[in-house]
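Each chain, written out:
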Amino acid sequence: MIVALASAAAVASLPAGTGAAAAPSCAHAEERPQGSETLADARAALLCLINADRRAHHRRALRNDVHLHRAAQSYAAAIDPDAPLVHVGKDGRTLRARIVASRYAKTFLYAEALGRSRGRSATPEARVRGWLTSGSTRSVLRSARFKDAGIGLAQTGDKLTFVVVLAAKAQTSSRRTASAKAKRSSGSSSRAPKSSRS
C-alpha cells in the first residue's frame, strides 16, 4: 500500500528571479555540467543546496537514497527535452509507479520537483534559486515529512533537466499502534493528516 501525503510540483525553466540562494558554500553549485563526468558533482551540489535551505528553515537534511536516485535518474533520462515537464512518463508510469519499481519501500509518502534550465542558468544554484521562487515547489522541498531524496540530471545540448524525488517510508501499522499508545499514556493527542490510499 502506498500513502501519498504531498502533491508533486512541476516547474519548468525559471529565471534566477528574487529567490534567495540556498547556500554559496556547496561545491560545484555555480558550475554548468560539462558532460557525464561532471553530472555527479552537479547532483551532489543540488542536494547540498536543497539541504542548506532546509536547515535554514529548521528542517532535517534529506538523505541521498540509492533507490530514489535510480527512479529520478531513469526518469530524467527518459524526459523529452523539448516537451513540457510532466510527472507521467511516455510509458504511462506515474511517480508512484517509478518509486515502487525502485524497491524503495512498500508504503511511503512522496513528491517530486521537476525543472529544466539552459545556457548560463543550467547550474544547480540557479535551478534551486528558481525553485524557491515557486510557492508549491518551495513547500515540497522544505516539507518536514520527507526524509530521503534521489536526484536525477540529464543533459541534452545546452539544456539540463532536473528531477528530485522526495519520499519517506511510512510507519507500519504495528509501529503506529505503539506510537498511539505512547501518546495516550502521556496524555497527548494529535490529528493525523488526510491521505489518499491505493
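Residues numbered from 1 in each chain as written. Predicted model: local features only at pLDDT ≥ 70, side-chain atom pairs only at ≥ 80, totals over all residues. Heavy atoms only, no water.

## Some details on the confidence of the model for the protein
And then number 1: Predicted confidence across the protein gives a mean pLDDT of 79, with 74% of residues reaching 70 or more.
And then number 2: Low pLDDT, under 50, characterises residues 1–23; the stretch is placed with 85 contacts to residues that sit more than four places away or in other chains.
And then number 3: In the model, residues 177–198 has pLDDT below 50 throughout and makes 17 contacts with residues more than four positions away in sequence or in other chains. (pLDDT = per-residue confidence, 0-100. Contact = heavy atoms within 4.5 Å.)

## Let's talk about helix H2 (residues 66–78)
And then number 1: Helix length check: H2, at 13 residues, gives a terminal C-alpha distance of 18 Å against a target of 18 Å (1.5 Å per residue), a fit within 8%.
And then number 2: Within H2, the full set of buried residues consists of Leu-68, Ala-71, Ala-72, Tyr-75 and Ala-76. For H2, the angular spread of the buried residues around the axis is 125°, confining them to a single face. When the buried face of H2 is taken as reference, the exposed residues oriented beyond 90 degrees from it are Val-66 and Ala-77.
And then number 3: Looking at the packing, one finds that the buried side of H2 touches helix H3 (95–101), strand E4 (108–118), strand E5 (148–156) and strand E6 (159–169).
And then number 4: The N-terminus of H2 is capped by Asp-65, whose side-chain oxygen sits 2.9 Å from the backbone nitrogen of His-67. (Helix = DSSP H or I, 4+ residues; strand = E, 2+ residues; numbered from the N terminus. Expected span 1.5 Å × (residues − 1). Buried < 20%, exposed > 50% of the residue type's maximum accessible area, 1.4 Å probe, protein only. Arc of directions from axis to C-beta. Polar contact = N/O pair within 3.5 Å; in protein donor to acceptor, adjacent residues only side chain to side chain.)

## Looking at the nonpolar core
And then number 1: Ranked by internal contacts, the top residues of the largest apolar core, which has 28 residues, are Leu-46, Ile-50, Leu-62, Val-128, Trp-131, Val-164 and Leu-166.
And then number 2: Among the secondary structure elements, those contributing two or more residues to this core are helix H1 (39–56), E4, helix H4 (124–131), helix H5 (135–141), E5 and E6.
And then number 3: When residues of this core are assigned to their parent elements, the largest contribution, seven residues, is made by H1.
And then number 4: By size, the runner-up hydrophobic cluster in this structure holds 16 residues, among which are Tyr-75, Leu-85, Ile-99 and Leu-114. (Core = buried A, V, L, I, M, F, W, Y, C linked by side-chain atoms within 4.5 Å.)

## Section: empty space enclosed by the protein
And then number 1: Taken as a whole and judged by the stated rule, the model has one cavity of 30 Å³ or more.
And then number 2: Within this model, the largest cavity holds a volume of roughly 50 Å³.
And then number 3: As for the largest cavity, its lining consists of Arg-32, Pro-33, Gly-119, Ala-122, Gln-155, Gly-157, Asp-158, Lys-159 and Leu-160.
And then number 4: Considered class by class, the residues forming the lining of the largest cavity number three nonpolar, three polar and three charged. (1 Å grid on protein atoms, 1.4 Å probe; cavity = no way out; pocket = protein on both sides within 12 Å on 5 of 7 lines; lining within 4 Å. Points joined across faces, edges and corners; volume = space filled by probe spheres on them. Nonpolar A, V, L, I, M, F, W, Y, C, P; charged D, E, K, R; others polar.)

## As for the packing of aromatic side chains
And then number 1: According to the stated counting rule, one finds three aromatic pairs in the structure shown.
And then number 2: Between Tyr-104 and Phe-108 the ring centres are 6.1 Å apart and the planes differ by 75°, which places this aromatic pair in the edge-to-face class. The residues Tyr-104 and Phe-108 share a single accessibility class, namely buried.
And then number 3: Judged by centre distance (5.7 Å) and plane angle (65°), the ring pair of Phe-108 and Tyr-110 falls under edge-to-face. Tyr-110 carries the same exposure label as Phe-108, and that label is buried.
And then number 4: When the ring centre of Tyr-104 is taken as reference, the NZ or CZ atom of Lys-169 above it lies at 5.3 Å. (Phe/Tyr/Trp six-rings, centres within 6.5 Å; stacked < 30°, edge-to-face > 60°. Lys NZ or Arg CZ within 6 Å of the ring centre and 35° of its normal.)

## Side note on the side chain of Ser-102
And then number 1: Position of Ser-102 among the secondary structure elements: in the loop between H3 and E4.
And then number 2: Excluding its chain neighbours within four sequence positions, the residues that come into contact with Ser-102 are His-67, Arg-70 and Ala-71.

## Topic: the pairing of E6
And then number 1: Where burial is concerned, most of E6 is hidden: ten out of the eleven residues are buried.
And then number 2: As paired strands, E4 and E6 are joined by eleven bridges and run antiparallel to one another. Paired with Ser-117 across the two strands is Leu-160, which belongs to E6.
And then number 3: Both E5 and E6 contribute to a ladder of nine bridges, which runs antiparallel. (Pairing = 2+ DSSP bridges.)

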